[in-house]
Amino acid sequence: MAQGPWFYCLKHHTVEDRDGCAERHRLGPYATREEAEHALQSVAEREEQLTEEDRRWQGD
């Protein structure tokens, strides 16, 4: 069984180990397979948080 680190492949929409697709096609590394499975959700949450921080900084 493969062990981490784990990556989320943007090309195939799957979780891969270090021997997966080229780095330009993936997010990570993640410590666990479960973290990699939720990569897109994590990115969206971080983007939302950063956007809100920018709004507050700009005084909106």
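Thresholds, definitions, all that
- Residues numbered from 1 in each chain as written.
- Predicted model: local features only at pLDDT ≥ 70, side-chain atom pairs only at ≥ 80, totals over all residues.
- Heavy atoms only, no water.
- Pairing = 2+ DSSP bridges.
- Helix = DSSP H or I, 4+ residues; strand = E, 2+ residues; numbered from the N terminus.
- Axes fitted to C-alpha atoms, helices over the stretch in contact; angles between N-to-C directions.
- Contact = heavy atoms within 4.5 Å.
- Salt bridge = Lys/Arg side-chain N within 4 Å of Asp/Glu carboxyl O.
- Buried < 20%, exposed > 50% of the residue type's maximum accessible area, 1.4 Å probe, protein only.

### Regarding the sheet that holds strand E3 (residues 26-30)
Here's step 1: With respect to topology, 3 strands assemble into an open sheet ordered E2-E1-E3, the strand pairing being antiparallel. The sheet is open, and its two borders are formed by strand E2 (14-16) and E3, each paired with just one other strand. Ignoring strand direction, the axes of neighbouring strands in this sheet form an average angle of 25 degrees.
Here's step 2: The pairing of strand E1 (residues 6-9) with E2 spans 3 bridges and is classified as antiparallel. Bridge pairing in E2 places Phe7 opposite Glu16.
Here's step 3: In this fold helix H2 (residues 39-58) packs onto E1 and E3, with an angle of close to 95 degrees to the strand it touches most, E3.

### Comments concerning the pattern of salt bridges
Here's step 1: Enumeration according to the criterion identifies 3 salt bridges in this entry.
Here's step 2: For Glu52, the salt bridge identified is with Arg55, shortest N-O distance 3.3 Å. Highlighted residues: Glu52 and Arg55, both in helix H2, separated by 3 residues, approximately one helical turn.
Here's step 3: Residue classification places Glu52 among the partly exposed residues on the basis of a relative accessible area of 32%.
Here's step 4: Linking Glu52 and Arg56 is a salt bridge whose minimum nitrogen-to-oxygen distance equals 3.9 Å. In this pair, Glu52 and Arg56 both sit in helix H2, 4 residues apart, roughly one turn of the helix.
Here's step 5: Residue class for Arg56 comes out exposed when judged on its relative accessible area of 53%.

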